[in-house]
Amino acid sequence: MCMTKVAVLRTMLGNREIGFELWNKDKGEVVEMTAKEIKAALLKGDPIHGLVVGDDEELALDKNFFMRNLMEHRHVNNYTPMLEDENCVANVAYIVTGKADSGYEIISTKWERKVVTEDMLKMFLSMGLVFGGAKLEGDKVVLPVLEGRTAKPEKKAESKKTEQKQ
């Protein structure tokens, strides 16, 4: 059974990536995975939101999940955005993980989980504090469509196998 995970942090040792920290929505726990493990899981079709395997076969931000950046944890209490962004006004960011009856479920890069109202989410989005899981279109909060998505690199792997047989 596949567990739905959401990328929250990229863990660094200086300038070297050592892995990613993901929120497992189904179990309510933090999961650590290397880039290699995430690529293998994505190619297998496991739902990991926020990251995709790009055309260069490296991990990239998932534009379909509205990921615009990812926070890096570099050292004790040292959080910086992965992509230089002058709109990032704090060392904490939020990822929207779903809709709840009373608002929107969010998780911070420091693992705070809460439900916020639509007005509060709009404020976070306008301040650039939301790195993924939602976006503003005009005055409306838009959530990504998550059902029925497949990993596109599987097609490449299949075409390589057919080329080798010929």
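Residues numbered from 1 in each chain as written. Predicted model: local features only at pLDDT ≥ 70, side-chain atom pairs only at ≥ 80, totals over all residues. Heavy atoms only, no water.

(A) Focus on the side chain of Ser108. Structurally, Ser108 can be placed in strand 10 (residues 103-108). Judged by relative accessible area, Ser108 falls into the buried class, the value being 2%. Polar side-chain contacts of Ser108 include one of 3.1 Å to the backbone nitrogen of Lys110. Excluding anything up to four places from it in sequence, Ser108 contacts Val8, Val92, Ala93 and Tyr94. (Helix = DSSP H or I, 4+ residues; strand = E, 2+ residues; numbered from the N terminus. Buried < 20%, exposed > 50% of the residue type's maximum accessible area, 1.4 Å probe, protein only. Polar contact = N/O pair within 3.5 Å; in protein donor to acceptor, adjacent residues only side chain to side chain. Contact = heavy atoms within 4.5 Å.)

(B) View of the pairing of strand 3 (residues 29-33). Two strands pair when backbone bridges link them, and strand 2 (residues 16-24) and strand 3 are joined in this way by 5 bridges, in the antiparallel orientation. The residue bridging Phe20 from the neighbouring strand is Met33, located in strand 3. Linking strand 2 to strand 3, which pair antiparallel, is a turn of 4 residues; within it Gly28 sits at a positive phi near 70 degrees. (Pairing = 2+ DSSP bridges.)

(C) The arrangement of a nonpolar patch on the surface in detail. Residues Met120, Met123 and Met127 make up a contiguous nonpolar surface patch of about 240 Å² in total accessible area. As for its placement among the helices and strands, Met123 is situated in helix 2 (residues 118-127). With relative accessibility at 38%, the residue Met123 sits in the partly exposed group. (Patch = residues over 30% accessible without salt bridge, like charges linked within 9 Å, V, L, I, M, F, W, Y side chains within 5 Å. Areas by Shrake-Rupley, 256 points an atom, 1.4 Å probe, with all protein chains shown as cover. Salt bridge = Lys/Arg side-chain N within 4 Å of Asp/Glu carboxyl O.)

(D) Up close: the layout of surface pockets. Space inside the second largest pocket adds up to approximately 160 Å³. Residue lining of the second largest pocket: Trp23, Lys25, Thr97, Glu105, Ile106, Ile107, Arg113, Lys114 and Val115, and that is the complete set. Those elements that provide at least two residues to the lining of the second largest pocket are strand 10 and strand 11 (113-116). The residue inventory of the lining of the second largest pocket, partitioned by class, reads 4 nonpolar, 1 polar and 4 charged. (1 Å grid on protein atoms, 1.4 Å probe; cavity = no way out; pocket = protein on both sides within 12 Å on 5 of 7 lines; lining within 4 Å. Points joined across faces, edges and corners; volume = space filled by probe spheres on them. Nonpolar A, V, L, I, M, F, W, Y, C, P; charged D, E, K, R; others polar.)

(E) How the structure looks around the environment of Gly28. Here Gly28 shows up in the loop between strand 2 and strand 3. Expressed as a C-alpha distance, the spacing of Gly28 and Lys5, which sit 23 residues apart in the sequence, is 9.8 Å.

(F) Expanded view of the pattern of salt bridges. What the rule picks out here adds up to 9 salt bridges. Between Glu72 and Arg74 there is a salt bridge, with its nearest N and O atoms 2.7 Å apart. Look at Arg74 and you get partly exposed, because its relative accessible area is 24%. For the salt bridge of Glu118 with Lys122, the shortest nitrogen-to-oxygen distance reads 3.7 Å. Taken together, the residues Glu118 and Lys122, both in helix 2 and 4 residues apart, mark about one turn of the helix. We classify Glu118 as partly exposed; its relative accessible area is 34%. Residues participating in the shared-partner salt-bridge network are Arg10, Glu17, Glu72 and Arg74.

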